[in-house]
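Next come the chains, spelled out residue by residue.
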There are 2 protein chains.
Amino acid sequence: MDEERLLEELKTVFPQRPEVAEGPGDDAAAIRLPGTGRLLLTAVDQVVAGVHVLPGEAPERIAGKLVRRNVSDIAAMGGAPAYAMLTAAMNPLSQEFLTAFHRGVQNACGEYGICVVGGDVSSLPEPGAVFTLSLFGYSEPGTLKLRRFARPGDLLCGTGCYGRSFESGHHLNFRPRLREGLFLGKSEAVHAMMDVSDGLLKDARRMALESGLSLNFDCGRIPLRAGASVEDALCDGEDYELICAVAPEGAEALCSAFPNLTRMGCFTDGVPGAVSGIPVLNKKGFDHFHEDT
Amino acid sequence: MDEERLLEELKTVFPQRPEVAEGPGDDAAAIRLPGTGRLLLTAVDQVVAGVHVLPGEAPERIAGKLVRRNVSDIAAMGGAPAYAMLTAAMNPLSQEFLTAFHRGVQNACGEYGICVVGGDVSSLPEPGAVFTLSLFGYSEPGTLKLRRFARPGDLLCGTGCYGRSFESGHHLNFRPRLREGLFLGKSEAVHAMMDVSDGLLKDARRMALESGLSLNFDCGRIPLRAGASVEDALCDGEDYELICAVAPEGAEALCSAFPNLTRMGCFTDGVPGAVSGIPVLNKKGFDHFHEDT
């Protein structure tokens, strides 16, 4: 199972309509709303027990992660979330668990002004738990910074720090970069933006590849989470930070406005997706597929 | 696990915003779009292997059912579908299966003008398969016929025929009543509408209960699928037909316009949700939870 190949397939299999500004492949889809200049953004993510959270994780924590993963996707599109649809498929199907889970979803959604408008619950024939959240929101025209929009000479900048997300518990209690995303989305200096969920190296490389550029990391500048090595920062996943490609003349002002925004490399003309400036790595990027078949 | 109790809980736990014309509890949610008079409709449904389809069912058939179940929900709101978001969680996670599944989704979506704009794929730690589709669409102002809008004296009318959906294969190859839903949504004589997925008795009773009315069935008039008894028609699920509450003076014209629309009972003042005119039943309504804990 190859994530890149799957994505290519999705782009081929599902033709898009003219009003779809962005279909499969970025953090969220973007649809031009009739009668307004605004874009409807839609993202969907899953949390599977035993894949994204440990089996037996508390319902409130599963709920929080499910909501915040999706908010991070909307933030990466420079938008604000508004409404959500929820599904749960479980065995055993426990009313007590669902009550706590739904309260957890509402608590997390309440923080971001999200209204849960519907959902579905099903049993599973075998023990397990699969939760999905479809999140939709709005963004203003001109704020869409797709990952393929990086330009030669742009600096790679990122919010927060990287590595050891699972070990530190960050993957459960992170704060999606909604405020930063709204600000960066409005900045003319920012050309491309995405969230980092599969590891800094893998995701920044995707931005370079889809923009037809090479990427040179300045690894000494990558902010490390407590106890993380450069390799951890490059390869561990689930950071839920935003990275962006910034015109060099605008980077200083942006980094002053957001002290947690750091310059970590630059995009250059060259072989698309080629990465330089990194050490020899033993880890590989985090793969949400959890297997490599 | 009690579906009605769960729904009551969802309505309590998730507060709605003023622009949400309908939140959890009907076939789809309805949100007033800023700057236009239109409503954004959103529905979500799951297909779980071993619950909604037999384990080992072909990917194209799973895909078709997943899409059409959701289209039926949008049809029941008098709307037209437009965009979809897709998730799959599987073990084993097979590229071959996913390719066939995605083609099946596109084939079914193509029939209804639906554009798949995004999705997510995950592995499962144990063998199994869970698929979800979130479907978005639009409806015009005034076409929303919520299930709680039935009035005393309204006739219960329904499209198509009922019973033995699983045995006949109808649950996999049905045609959602999109054209009928659009027409009935625009008709002033139609007050309430919903789709029948949990069985005619259970769903029609819901319409009565939520409208604060009793329901008197005229069982001799219920159209039966080949080989189905009245009890099958009342209690089997997965018919994916539309039922509606129609002002008596408008019913004749509607039934002439749609020969597959049949009058099957009437709503009256009385104990909310009380049902008369049905035989003693051994079956109970189909329950998608698949268990009664």
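Cut-off values and rules
- Residues numbered from 1 in each chain as written.
- Chains lettered and ligands numbered in written order.
- Predicted model: local features only at pLDDT ≥ 70, side-chain atom pairs only at ≥ 80, totals over all residues.
- Heavy atoms only, no water.
- Helix = DSSP H or I, 4+ residues; strand = E, 2+ residues; numbered from the N terminus.
- Rg over C-alpha atoms; globule rule 2.2 N^0.38 Å.
- Contact = heavy atoms within 4.5 Å.
- Areas by Shrake-Rupley, 256 points an atom, 1.4 Å probe, with all protein chains shown as cover.
- Axes fitted to C-alpha atoms, helices over the stretch in contact; angles between N-to-C directions.
- Parallel < 35°, antiparallel > 145°, perpendicular 65-115°, else oblique.
- Left-handed = near helix turned anticlockwise from the far one by under 90°.
- 1 Å grid on protein atoms, 1.4 Å probe; cavity = no way out; pocket = protein on both sides within 12 Å on 5 of 7 lines; lining within 4 Å.
- Points joined across faces, edges and corners; volume = space filled by probe spheres on them.
- Nonpolar A, V, L, I, M, F, W, Y, C, P; charged D, E, K, R; others polar.
- Pairing = 2+ DSSP bridges.
- Buried < 20%, exposed > 50% of the residue type's maximum accessible area, 1.4 Å probe, protein only.
- Least-squares fit on C-alpha atoms with pLDDT ≥ 70 in both.
- Buried area = accessible area lost by both parts, 1.4 Å probe.
- Polar contact = N/O pair within 3.5 Å; in protein donor to acceptor, adjacent residues only side chain to side chain.

Novice: Whenever I open this one, the overall build of chain A confuses me. Can you help?
Specialist: Helix and strand counts for chain A come out as nine helices and 12 strands. Computed over the C-alpha atoms, the radius of gyration of chain A is 19 Å, within 12% of the 19 Å expected from 2.2 N^0.38 for a compact globule of 293 residues. Projected onto the principal axes, the alpha-carbon positions of chain A cover approximately 55 × 50 × 40 Å. Nonlocal contacts in chain A, meaning residues at least 24 apart in sequence, comprise 83% of its contacts between residues at least 6 apart. Accessible surface for chain A amounts to roughly 10400 Å². Of this, 53% is attributable to carbon and sulfur atoms.

Novice: Is there a simple way to think about the packing of helix H2 (residues 59-75) of chain A against helix H3 (residues 95-111) of chain A in this case?
Specialist: When two helices pack together, their arrangement is given by the angle between their axes and by how far apart the axes lie. All names here are of chain A. Orientation of H2 relative to H3, taken along the N-to-C sense of each, is 40°, at an axis distance of 8 Å. Taken together, the axes of H2 and H3 lie oblique to each other. Crossing of H2 against H3: the hand is right-handed. Facing Pro59, Glu60, Ile62, Ala63, Gly64, Leu66, Val67 and Arg68 of H2, the residues of H3 in contact are Phe97, Ala100, Phe101, Gly104, Val105, Ala108, Cys109 and Glu111.

Novice: I tried to follow the layout of surface pockets on my own but got confused; where do I start?
Specialist: Which parts of space are left empty comes out when a probe the size of a water molecule is rolled across the atoms. Residue and element names in this part refer to chain A. In this model, the second largest pocket occupies a volume close to 240 Å³. Every residue lining the second largest pocket is counted, 16 residues in all, and those nearest its centre are Ala49, Gly56, Asn91, Gly128 and Ala129. Broken down by secondary-structure element, the contributors of at least two residues to the lining of the second largest pocket are strand E4 (80-91) and strand E6 (128-139). When residues of the lining of the second largest pocket are assigned to their parent elements, the largest contribution, three residues, is made by E6. Here the lining of the second largest pocket is composed, by residue class, of 11 nonpolar, four polar and one charged.

Novice: Teacher, can you tell me more about the sheet that holds strand E2 (residues 29-32) of chain A here?
Specialist: Backbone-to-backbone hydrogen bonds join strands into a sheet, with any given pair of strands oriented parallel or antiparallel. Residues and elements named next belong to chain A. Reading across the sheet, the six strands line up as E1-E2-E3-E6-E4-E5 and stay open at both edges, with mixed pairing between neighbours. Of all the strands in the sheet, the pair left with one neighbour each is strand E1 (20-22) and strand E5 (115-123). On average, adjacent strands in this sheet sit at an angle of 20° to one another, irrespective of strand direction. When E1 meets E2, the two strands line up antiparallel, connected through two bridges. Each residue of the ladder has a partner; that of Val20, found in E2, is Ile31. Against the sheet, H2 makes contact with strand E3 (39-48), E4 and E6, and its axis sits at roughly 145° relative to E3, the strand it touches most.

Novice: Just checking my understanding: could you explain helix H7 (residues 200-210) of chain B for this structure?
Specialist: A turn of α-helix holds 3.6 residues, and therefore any two residues three or four places apart point the same way. When H7 of chain B is considered as a whole, its buried residues turn out to be Leu200, Leu201, Asp203, Ala204, Arg206, Met207 and Ala208 of chain B. Two residues or fewer past H7 of chain B, Gly212 of chain B is found with a positive phi of approximately 75°.

Novice: Would you mind showing me how to read the relation of the copies chain B and chain A here?
Specialist: Relating one copy of the chain to the other takes a rotation about an axis and a shift parallel to that axis. The transformation that overlays chain B on chain A combines an axial shift of 0.0 Å with a rotation of 180°, and the residual RMSD is 0.0 Å. The two molecules are tied by a two-fold rotation axis, judged by turn and shift. A share of 100% of the interface residues of chain B reappears at the interface of chain A, consistent with the copies meeting face to face through the same patch.

Novice: Looking at this model, I keep getting lost on the sheet that holds strand E11 (residues 261-268) of chain A. Mind explaining?
Specialist: Residue and element names in this part refer to chain A. Pairing is mixed across the open sheet formed by six strands, whose spatial order is E8-E10-E7-E11-E9-E12. The open sheet has two edge strands, strand E8 (190-196) and strand E12 (275-276), and neither has a second partner. Where strand E9 (residues 214-217) lies against E11, four bridges are found, and the strand directions are antiparallel. Considered in E11, the bridge of Leu215 is made with Phe267.

Novice: Explanation requested: the interface of chain B and chain A in the structure shown.
Specialist: Interface size is often expressed as the accessible area that is lost when the parts come together. The interface of chain B with chain A comprises 73 residues on the first partner and 73 residues on the second. Between chain B and chain A, the buried area comes to about 5700 Å², and carbon and sulfur atoms account for 62% of it. When the buried surface of chain B facing chain A is broken down by residue, Phe14, Gln46 and Gln95 of chain B rank first, second and third, together holding 11% of it. Connecting chain B to chain A are 15 residue pairs in polar contact (both at pLDDT 80 or more). Among the elements of the structure, helix H1 (3-13), strand E2 (29-32), strand E3 (39-48), strand E4 (80-91), helix H3 (95-111), strand E5 (115-123) and strand E6 (128-139) of chain B are those that each provide at least two residues to the side of chain B that touches chain A.

Novice: Sorry if this is basic, but what is going on with the pairing of E2 of chain B here?
Specialist: A regular strand places its side chains so that they alternate between the two faces of the sheet. All names here are of chain B. Connecting strand E1 (residues 20-22) to the antiparallel partner E2 that follows it, the hairpin turn spans six residues, and Gly25 within it adopts a positive phi of roughly 125°. Note: E2 against E3, four bridges, orientation antiparallel. Residue Ile31 lies in a different strand from E3, and its bridge partner there is Leu40.

Novice: Is there a simple way to think about the packing of H3 of chain A against H1 of chain B in this case?
Specialist: Contact pair H3 of chain A / H1 of chain B: the axes reach a minimum separation of 10 Å and the direction vectors enclose 20°. Here H1 of chain B runs roughly parallel to H3 of chain A, going by the angle between their axes. You can see that H3 of chain A and H1 of chain B cross each other, and the crossing is right-handed. Residues Gln95, Leu98, Thr99, His102, Arg103 and Gln106 of chain A of H3 of chain A pack against Arg5, Leu6, Glu9, Leu10 and Val13 of chain B of H1 of chain B. For the contact of H3 of chain A with H1 of chain B, a count of residues per class yields four nonpolar, four polar and three charged.

In short, geometric facts, not functional conclusions.
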